[in-house]
Amino acid sequence: LFPSFIKFSVLVPAALILPLRLFFPRPKTPEGLVLITGASSGIGAELSYIFAKKGHDLILVGRNEEQLEAVRRNVEEKYGRSGCFGEWCRAWWCR
(Lines give C-alpha, C1' and ligand atoms only; values in the text may rest on other atoms or scores of the structure.)
Protein backbone atom coordinates (compact mmCIF):
# COMPACT_ATOMS: atom_id res chain seq x y z
CA LEU A 1 0.00 0.00 0.00
CA PHE A 2 2.58 2.55 1.09
CA PRO A 3 5.96 3.11 -0.52
CA SER A 4 8.84 1.64 1.44
CA PHE A 5 10.37 5.04 2.31
CA ILE A 6 7.15 6.05 4.12
CA LYS A 7 7.13 2.82 6.12
CA PHE A 8 10.79 3.34 6.94
CA SER A 9 10.30 7.00 7.94
CA VAL A 10 7.56 6.00 10.39
CA LEU A 11 9.02 2.81 11.84
CA VAL A 12 12.53 4.09 12.59
CA PRO A 13 11.45 7.06 14.78
CA ALA A 14 8.91 4.85 16.54
CA ALA A 15 11.57 2.22 17.22
CA LEU A 16 13.80 4.90 18.75
CA ILE A 17 11.20 6.84 20.74
CA LEU A 18 9.20 4.01 22.32
CA PRO A 19 12.13 2.44 24.23
CA LEU A 20 13.19 5.89 25.45
CA ARG A 21 9.73 6.40 26.98
CA LEU A 22 10.43 3.43 29.26
CA PHE A 23 13.43 5.21 30.80
CA PHE A 24 12.19 8.80 30.46
CA PRO A 25 8.42 8.90 31.00
CA ARG A 26 6.47 12.01 30.19
CA PRO A 27 6.22 14.44 33.08
CA LYS A 28 2.95 14.57 34.96
CA THR A 29 0.44 17.27 34.17
CA PRO A 30 1.60 20.60 35.56
CA GLU A 31 -0.26 21.92 38.57
CA GLY A 32 -0.49 25.48 39.69
CA LEU A 33 -2.19 28.80 39.43
CA VAL A 34 -3.23 30.14 36.03
CA LEU A 35 -4.02 33.80 35.34
CA ILE A 36 -6.33 34.26 32.35
CA THR A 37 -6.98 37.77 31.07
CA GLY A 38 -10.00 38.32 28.86
CA ALA A 39 -11.74 35.39 30.53
CA SER A 40 -15.23 36.81 30.11
CA SER A 41 -15.56 35.64 26.49
CA GLY A 42 -13.87 34.06 23.49
CA ILE A 43 -10.52 32.35 23.78
CA GLY A 44 -10.10 33.41 27.42
CA ALA A 45 -13.34 31.72 28.42
CA GLU A 46 -12.40 28.54 26.56
CA LEU A 47 -8.96 28.52 28.19
CA SER A 48 -10.58 28.79 31.60
CA TYR A 49 -12.62 25.66 30.87
CA ILE A 50 -9.57 23.80 29.59
CA PHE A 51 -7.40 24.66 32.59
CA ALA A 52 -10.23 23.98 35.07
CA LYS A 53 -10.74 20.56 33.49
CA LYS A 54 -7.06 19.79 34.04
CA GLY A 55 -7.38 20.75 37.72
CA HIS A 56 -5.54 24.06 37.78
CA ASP A 57 -6.39 26.90 40.14
CA LEU A 58 -7.61 29.91 38.18
CA ILE A 59 -7.59 33.67 38.39
CA LEU A 60 -10.04 35.01 35.82
CA VAL A 61 -9.90 38.66 34.78
CA GLY A 62 -12.30 40.33 32.36
CA ARG A 63 -13.99 43.61 31.52
CA ASN A 64 -17.59 42.37 31.34
CA GLU A 65 -18.65 41.49 34.87
CA GLU A 66 -21.85 39.65 33.86
CA GLN A 67 -20.07 37.43 31.35
CA LEU A 68 -17.23 36.78 33.79
CA GLU A 69 -19.80 35.70 36.37
CA ALA A 70 -21.35 33.34 33.78
CA VAL A 71 -17.95 31.79 33.07
CA ARG A 72 -17.39 31.40 36.83
CA ARG A 73 -20.73 29.62 37.24
CA ASN A 74 -19.98 27.31 34.30
CA VAL A 75 -16.58 26.40 35.74
CA GLU A 76 -18.13 25.69 39.14
CA GLU A 77 -20.92 23.55 37.67
CA LYS A 78 -18.86 21.57 35.17
CA TYR A 79 -15.58 21.10 37.00
CA GLY A 80 -16.34 21.74 40.68
CA ARG A 81 -13.80 24.53 41.01
CA SER A 82 -15.03 27.06 43.57
CA GLY A 83 -13.66 30.41 44.54
CA CYS A 84 -14.33 34.03 45.28
CA PHE A 85 -15.07 36.99 43.07
CA GLY A 86 -13.32 40.29 43.71
CA GLU A 87 -15.05 43.38 42.37
CA TRP A 88 -12.03 45.62 42.87
CA CYS A 89 -10.37 44.23 39.77
CA ARG A 90 -13.19 42.08 38.40
CA ALA A 91 -11.05 39.03 38.99
CA TRP A 92 -12.18 35.65 40.20
CA TRP A 93 -9.96 33.16 41.94
CA CYS A 94 -11.08 29.57 42.00
CA ARG A 95 -9.53 26.74 43.91
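See the structure printed just above.
What counts and what doesn't
- Residues numbered from 1 in each chain as written.
- Predicted model: local features only at pLDDT ≥ 70, side-chain atom pairs only at ≥ 80, totals over all residues.
- Heavy atoms only, no water.
- Helix = DSSP H or I, 4+ residues; strand = E, 2+ residues; numbered from the N terminus.
- Contact = heavy atoms within 4.5 Å.
- Salt bridge = Lys/Arg side-chain N within 4 Å of Asp/Glu carboxyl O.
- Phe/Tyr/Trp six-rings, centres within 6.5 Å; stacked < 30°, edge-to-face > 60°.
- Lys NZ or Arg CZ within 6 Å of the ring centre and 35° of its normal.
- Expected span 1.5 Å × (residues − 1).
- Buried < 20%, exposed > 50% of the residue type's maximum accessible area, 1.4 Å probe, protein only.
- Arc of directions from axis to C-beta.
- Polar contact = N/O pair within 3.5 Å; in protein donor to acceptor, adjacent residues only side chain to side chain.

Visitor: I keep staring at the side chain of Ser40 and nothing clicks. Help me out?
Guide: Structurally, Ser40 can be placed in the loop between β1 (33–37) and α2 (42–53). Other than its neighbours up to four places away in sequence, Ser40 contacts Ala45, Gly62, Arg63, Asn64, Gln67, Leu68 and Val71.

Visitor: How should I be thinking about the pattern of salt bridges in this particular structure?
Guide: Close approach of charged atoms lets side chains of opposite charge pair. Tallied over the full model, the rule gives 2 salt bridges. Beyond isolated ion pairs, a larger network of salt bridges with shared partners links Glu69, Arg72 and Glu76.

Visitor: What is the right way to look at the packing of aromatic side chains in this model?
Guide: Here a ring pair, both rings aromatic, is described through the centre-centre distance and the interplanar angle of the planes. For the structure on display, the rule yields 0 aromatic pairs. The ring of Tyr49 carries Lys78 above its face, with NZ or CZ at 5.0 Å from the centroid.

Visitor: Would you mind showing me how to read helix α3 (residues 65–79) here?
Guide: In an α-helix, one turn spans 3.6 residues, which is why side chains three or four residues apart end up on the same side. Between its first and last C-alpha atoms α3 spans 21 Å; for 15 residues at 1.5 Å apiece the expected length is 21 Å, and the two agree. By the burial criterion, the buried members of α3 are Leu68, Val71, Arg72 and Val75. The arc that holds the buried residues of α3, viewed along the axis, is 100°, so those residues lie on one side. Facing away from the buried side of α3 by more than 90 degrees, the exposed set consists of Glu66, Glu77 and Lys78. For α3, the capping residue at the N-terminal end is Asn64, with a side-chain oxygen 3.1 Å from the backbone nitrogen of Glu66. Where α3 ends, the next residue or the one after it, Gly80, has phi of about 70°, a positive value.

Visitor: Any chance you could explain α2 here in plain terms?
Guide: Here α2 spans 17 Å end to end across 12 residues, near enough to the 16 Å set by a 1.5 Å rise per residue. Those residues of α2 that fall on the buried side of the exposure criterion are Gly44, Ala45, Ser48, Tyr49 and Ala52. On an axial view of α2, the arc spanned by its buried residues comes to 140°, and they lie on one face. Seen from the open side of α2, the exposed residues pointing more than 90 degrees away from its buried face are Ile43 and Lys53. The elements touched by buried residues of α2 are β1, β2 (57–61) and α3. Phi turns positive one or two residues past the end of α2, at Gly55, with a value near 95°.

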